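# Per-entry structural report
Chain by chain, the residues:
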Amino acid sequence: MKIKAAEFVMSNSDVAKCPTARLPEYAFIGRSNVGKSSLINMLMQRKNLAKTSGRPGKTQLINHFLINKNWHLVDLPGYGYAKVSKKSKKTFQKFITEYFKNREQLVSAFVLVDCRHEPQTIDLEFMEWLGENQLPFAIIFTKADKLKPKALERNLKAYQEKMLESWVEMPQYFVTSSTHATGRDEVLNYIEQVNAA
Ligand code: GDP
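Residues numbered from 1 in each chain as written. Predicted model: local features only at pLDDT ≥ 70, side-chain atom pairs only at ≥ 80, totals over all residues. Heavy atoms only, no water.

## Comments concerning the sheet that holds strand β5 (residues 106–114)
Strand pairing within a sheet occurs via backbone hydrogen bonds; the two strands may be parallel or antiparallel. Selection rule: Should DSSP find at least two bridges between two strands, the strands are taken to pair. Segments assigned H or I by DSSP are reported as helices when at least four residues long, segments assigned E as strands when at least two residues long, and all are numbered from the N terminus. Only the stretch in contact is used when fitting a helix axis, every axis being a line fitted to C-alpha atoms; angles between N-to-C directions are given from 0 to 180 degrees. What makes two residues a contact is simply this: any of their non-hydrogen atoms within 4.5 Å.
The strand order across the open sheet formed by seven strands is β1-β3-β4-β2-β5-β6-β7, and the pairing between neighbours is mixed. The sheet is open, and its two edges are formed by β1 (6–12) and β7 (173–175), each paired on a single side. In this sheet, neighbouring strand axes are inclined to one another by 25° on average, regardless of whether the strands run parallel or antiparallel. Packed on one face of the sheet, helix α4 (residues 149–163) meets β5, β6 (137–142) and β7 and runs near 150° to β6. Sitting on the sheet, helix α5 (residues 184–196) is in contact with β2 (25–30), β4 (71–75), β5, β6 and β7, with an inclination near 160° to β5.

Have a look at this one:
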C-alpha cells in the first residue's frame, strides 16, 4: 500500500467521542517506550505524525489518523493495569478496555513488543484479554536493528514458545525496525489485504 495521505483527526479519552465514520480501523498499542510513535511515523513516512515519548499531553488519549482517506490508524497510549484491589483479577485501564469492547470499526489491533526483551507478563495478559474478547490482533516486534540476526532469531523463538503455552498457534507477527524501515511493506500489505477482504 502506498501512503498518499495521512492526517491527524482527533484525540480524546472517550470511545463514544471517536470519529463516527464507518472506516476500518487498526489500533497500535504497547508499553510506553516500545517504539510505537517511531513505528507509526515510519509506516506513514512522516517525521512527527505520532508524537514520540517525552512530549507531554499525549498520555491517556486515543489518537485517530485518517490514512489515504479510507482507513483509520489509531495510536493508543501505553497500557498499564487499572488500580484495583489485589484480590480481583487484573484488568487494564478502563478507557482502553472500553475502546476495544465498544469500537465496532476496529478491524485489528497491533500489539507492539520490544524484540530485545523477554516476554512481559503485561503484554501476554493483554493479548490473552484480547483473545478472550475475540478481538483480532497481530504482534509487531520493534527495534529489530538493535539485535544481531542470531539474537533476534533466538528471542523470536523464545517468544513463540512462550505464546504457545496459552495459544494453539503463534498469532500473526511482524518484525520491524523504524530506523531501517524494516517490515514496513509487510505491515502495510497486511492492512491492505485485510481491508480488501
Ligand atoms: P513510544 O513511547 O512507544 O511511542 O516509543 P518511541 O517511538 O518514542 O521510541 C522510544 C525510544 O526508542 C526512542 O528513543 C526511539 O528513538 C527509540 N526507537 C524506537 N524505535 C526504534 C527502532 O526501530 N530502532 C532503534 N534503534 N530505536 C528505536
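Moving on, there is more to tell.
## Things to note about the packing of helix α3 (residues 121–132) against α4
Worth spelling out the cut-off: An angle counts as roughly parallel when it lies under 35 degrees, as roughly antiparallel when it exceeds 145, as roughly perpendicular when it falls between 65 and 115, and as oblique in every other case. Throughout, a crossing is termed right-handed when the near helix is turned clockwise from the far one, and left-handed when it is turned anticlockwise from it by less than a right angle. Lys, Arg, Asp and Glu make up the charged group, whereas Ala, Val, Leu, Ile, Met, Phe, Trp, Tyr, Cys and Pro make up the nonpolar group; the residues left over, Gly among them, are polar.
Close contact between α3 and α4 brings their axes to 12 Å; oriented N to C, the two are set at 50°. Overall, the two elements α3 and α4 adopt an arrangement that is oblique. In the crossing of α3 with α4, the sense of the turn from one axis to the other is right-handed. Along the contact surface, α3 presents Asp-123, Leu-124 and Met-127, while α4 presents Tyr-159, Lys-162 and Met-163. Counted by class, the contact of α3 with α4 contains four nonpolar, no polar and two charged residues.

## Observations regarding the packing of aromatic side chains
The relative placement of two aromatic rings is captured by the distance of their centres and the angle of their planes. Selection criterion: Planes of paired rings set the category: under 30 degrees apart is stacked, over 60 is edge-to-face and the rest tilted, where pairs are Phe, Tyr or Trp rings (Trp by its six-membered ring) whose centres lie within 6.5 Å. The cut-offs for exposure are 20% and 50% of the maximum accessible area for each residue type, with area from a 1.4 Å probe on protein chains only; residues under the lower value are buried, those over the upper are exposed, and the others partly exposed.
Taken as a whole, this structure holds 18 aromatic pairs when the rule is applied. A ring pair is formed by Phe-92 and Trp-129, whose centres lie 6.5 Å apart and whose planes are at 65°; its orientation type is edge-to-face. Within this pair, whereas Phe-92 is found in the loop between β4 and α2 (94–102), its partner Trp-129 is found in helix α3, the two being separated by 37 residues in sequence. According to the relative accessible area criterion, Phe-92 is buried, its value standing at 3%. Following the ring pairs from residue to residue traces out a cluster consisting of Tyr-26, Phe-28, Trp-71, Phe-110, Phe-174 and Tyr-190.

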